[in-house]
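A closer look at the structure
Okay, here's what each chain looks like letter by letter:
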Amino acid sequence: MPGDRVVCLLDQRLLPRAEHYELLSRWEQVAEAIQTLAVRGAPAIGIAAAYGLVLGAGALAEKDAAAFVAGFREIGETLRKTRPTAVNLAWAAQRMETAAAAIAGQPGAARTLALAKEARAIHAEDVAACRRMGQLGADLLPSGVNVLTHCNAGALATGGYGSALGVVRALRSAHKLGRVFATETRPLLQGARLTAWELMRDGVNVTLVADSVAATLMQRGEVSAVVVGADRLARNGDVANKIGTYSLACLAAAHNLPLVVAAPWSTVDLEAATGDAIPIEMRTSDEVTHVRVGDDSVHSAPDGVRTFNPAFDVTPARLVHAIVTERGVVRPSKGETLDSLKP
Ligand code: MRU
C-alpha cells in the first residue's frame, strides 16, 4: 500500500493470460474485487478485507470517535457479506474492528496509520503461518510423494507461499517432492488458471488434469496424497473447501490415501461445532453454463437450463487424515478436534 492510500491487487480473473495489477483507492472497490474473485482464496480475501478497511478508515477520517467506530463496523459488515464461507474474511474484519475501537479517539490520520499497521501485521502473520504449515505438512509426508491438489491454495490465495502449495514448496525444498497433479477445478478453473501458472513459474513439476481424471490417477497408483487448503474448519475437523474436495476425499479413502488439509488458524471456526453450521456460498448459474477465460465467455449449455452451483462442499472429519495449522497438526479421522490446539 504505497502511502497507505492504495491497495494493489493482482487481478486473478485475468490469469494466466495477463498479469495485471489493479490499484484500488476506495474500500468499495476492494469489496467488489473480493466478490468478483479478482482476489480469492480464504486467507487472501481476509488480508484484502483488512487493507480495504484501512481505505475505509481513510474515508472516515473526519468523523468523531463514535461515528468512526459505527461507520467502520458498517464497512466491515459489507465486506463480510461479499463471501460468506471463508471465515478468514470475518476473522480479519473482526480483528480490524477491535483495533479500530481501541484507537477511535485519535485523530483521523493517526487512526489510518495504526490500522495500516494492523493490516500489514495480518498479512505478515499469514505468510509466517504458511511457512510453518509448509514445514509441518512436509514432515508428515514420505520422500518421493506424488501430491494431488485441488483449486488454488497457493501464494495467490494467501499472503504468500501458500497453504497446500506451501506444503508442496516445503516438500520440494526438502527434496522430497515427486510429482504434483493439479485438478482443473470446474467451474472457475482455479487449478488450471492459477495453480498450474503459479507452480510452473516456480519450476515445480506439475501436471494438469481434468477433475474427472483423479480416480484414474489413484487407480494407477500415481497419487500418494491429496493436499488441499480450506475455507472454514469446524471444531470437529469437518472441512469446507472448494467444491469437489469431498469427491476427492471419498476417492482418497477408497484408495487408502491420506487427505491432508493445510490452513492457518484464521480458517478455524471453533463456534461451528460441525460442518452443518458452515454457510455455503451459492454462485450464479452463468459460471456453469459458460466457460470463461479472461474476458472471453463461451455459452456451453442450453439457454434456460437449471443449475446448482455451490462454491464449496464439506468433507466430514472421518475422511481427513490431518489438518495442519501453524499451531500444530490434528488428526480428525482419529477423533482429534481443533480445540485441542486452542491457546
Ligand atoms: O472460490 P475460491 O477460489 O476463493 O476458493 C478457494 C478455495 O477453496 C481454497 O482452497 C481455499 O480458500 C484455501 S486457499 C489457501
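Residues numbered from 1 in each chain as written. Predicted model: local features only at pLDDT ≥ 70, side-chain atom pairs only at ≥ 80, totals over all residues. Heavy atoms only, no water.

Scanning the protein chain from N- to C-terminus turns up 10 helices and 15 strands. Here the C-alpha radius of gyration of the protein chain, 20 Å, is about what a compact globule of 343 residues would show, namely 20 Å. The buried share among the 343 residues of the protein chain stands at 55%. Contacts spanning at least 24 positions in sequence make up 74% of the contacts within the protein chain whose residues lie at least 6 apart. (Helix = DSSP H or I, 4+ residues; strand = E, 2+ residues; numbered from the N terminus. Rg over C-alpha atoms; globule rule 2.2 N^0.38 Å. Buried < 20%, exposed > 50% of the residue type's maximum accessible area, 1.4 Å probe, protein only. Contact = heavy atoms within 4.5 Å.)

Surveying the vicinity of the ligand reveals 17 residues, the closest of which are R40, R83, D231, N241 and K242. Contact distances for the ligand include 2.8 Å between an oxygen atom and a side-chain N or O atom of R40. Measuring from an oxygen atom of the ligand, one finds a side-chain N or O atom of N241 at 2.7 Å. Out of a free accessible area of 410 Å², the ligand has 99% covered by protein chains. Counting only elements with at least two residues in the shell around the ligand, the list comes to α2 (42–59) and β8 (239–242). Tallied by class, the residues present in the shell around the ligand amount to seven nonpolar, six polar and four charged. (Near = heavy atom within 4 Å. Polar contact = N/O pair within 3.5 Å; in protein donor to acceptor, adjacent residues only side chain to side chain. Areas by Shrake-Rupley, 256 points an atom, 1.4 Å probe, with all protein chains shown as cover. Nonpolar A, V, L, I, M, F, W, Y, C, P; charged D, E, K, R; others polar.)

The terminal C-alpha atoms of helix α4 (residues 87–102) lie 23 Å apart, and with 16 residues this matches the ideal 22 Å at 1.5 Å per residue to within 8%. Tucked into the core, α4 has its buried residues touching α1 (27–35), α2, α3 (65–82), α5 (108–140), β7 (232–234) and β10 (268–269). (Expected span 1.5 Å × (residues − 1).)

Function cannot be read off these values alone, since they describe shape.
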